[in-house]
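Coordinate analysis (summary)
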Amino acid sequence: MSIAIRGEDGLARCPWGLSTPDYVAYHDEEWGRPVRDDQGLYERLCLEAFQSGLSWLTILRKREGFRAAFCGFDLEKVAAFGSEDVERLMADASIVRNRAKIDAAINNARAALDLPDGLAATAWHYADPGAPGYADMSDVPAYTDNSKALAKELKRHGFRFVGPTTAYALMQACGLVDDHLLDCHRRGAYS
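Let me begin by describing the structure that accompanies this report. Quick caveat: nothing in here was measured; it's all calculated off a predicted structure. Each chain has its residues counted from 1, running along the sequence as written. Two thresholds apply to this predicted model, a pLDDT of at least 70 for residue-level local features and 80 or more for giving and counting side-chain atom pairs, whereas whole-chain, interface and lining totals are computed over all residues. Heavy atoms from the whole structure form the basis of all side-chain values; hydrogens and water molecules are not counted.

Section: the packing of aromatic side chains
Here a ring pair, both rings aromatic, is described through the centre-centre distance and the interplanar angle of the planes. Two aromatic rings from Phe, Tyr or Trp, using only the six-membered ring of Trp, form a pair when their centres are within 6.5 Å; if the ring planes differ by under 30 degrees the pair is stacked, by over 60 it is edge-to-face, and anything between is tilted. Under the definition given, this model contains ten aromatic pairs. Geometrically, the ring pair formed by W16 and Y23 is edge-to-face, given 5.8 Å between the ring centres and 90° between the ring planes. Of the residues examined, W16 reaches a relative accessible area of 21% and is grouped as partly exposed. Centroid distance Y26 to W56: 5.6 Å. Interplanar angle 45°. Geometry classified as tilted. Of this pair, Y26 sits in helix 1 (residues 21-29) while W56 sits in helix 3 (residues 56-61), and the two are 30 residues apart along the sequence. Across the pair, W56 and Y26 agree in class, each one buried. Three exposure classes are used, based on accessible area relative to the maximum for each residue type with a 1.4 Å probe and protein chains only: buried under 20%, partly exposed in between, and exposed over 50%. What counts as a helix is a DSSP run of H or I of at least four residues, what counts as a strand is a run of E of at least two, and both are numbered from the N terminus.

Written out as structure tokens, the structure reads:
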């Protein structure tokens, strides 16, 4: 089913938000809630990049491991990581051990620190709060012109693992767009 459906609590949700208790909590408490600080956006960007090719549920269940491994996603601390840190991360079973993604996370911390206006201001420049709502998940795009432009801007500043689809997932997760379905109880909750 790809339309909003009612859970046992009587609340209509995006269908993906009902498949596991982890998703219910993420859907109701976090997904689509505006994130306006650099550290919060950096964390979500890293998680979206690590998710590429994997289940989002895998990332959610490893999130605390990621937070511990990446010093709470503190930009300055991660930007200072060296080769010993990369090897430590490659041996850490509490995260996804992918060298290219680990290298990108470190690189992206450095790139975020070099952004003239910061990561949050840069990302929010591409926000689209007036984007159309969707009644069916099959109508939600994988990327938009705004996510293509955000990805291009981040890449221009040296970011890696930030294509239009990852940029759009970041925009959805961090409230730059509201892609809760029209009948979902969270639609418009953060505007």
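Quick look at the layout of surface pockets
Residues are called lining when one of their atoms sits within 4 Å of a cavity or pocket point, these points coming from a 1 Å grid over the protein atoms alone, where a cavity is a set in which a 1.4 Å probe fits but cannot get out and a pocket is an open set with protein on both sides within 12 Å along at least five of seven lines. Grid points are joined across faces, edges and corners, and a volume is the space filled by probe spheres set on the points. Empty space within the largest pocket amounts to approximately 420 Å³. Along its surface, the largest pocket is lined by 18 residues, and W31, E48, Q51, A169 and Q172 are the ones closest to its centre. Residue assignment for the lining of the largest pocket shows that the elements contributing at least two residues are helix 1, helix 2 (38-51) and helix 10 (164-173). As a working rule, the residues Ala, Val, Leu, Ile, Met, Phe, Trp, Tyr, Cys and Pro are called nonpolar, Asp, Glu, Lys and Arg charged, and the rest polar, with Gly in that last group. Per-class residue counts for the lining of the largest pocket are eleven nonpolar, five polar and two charged.

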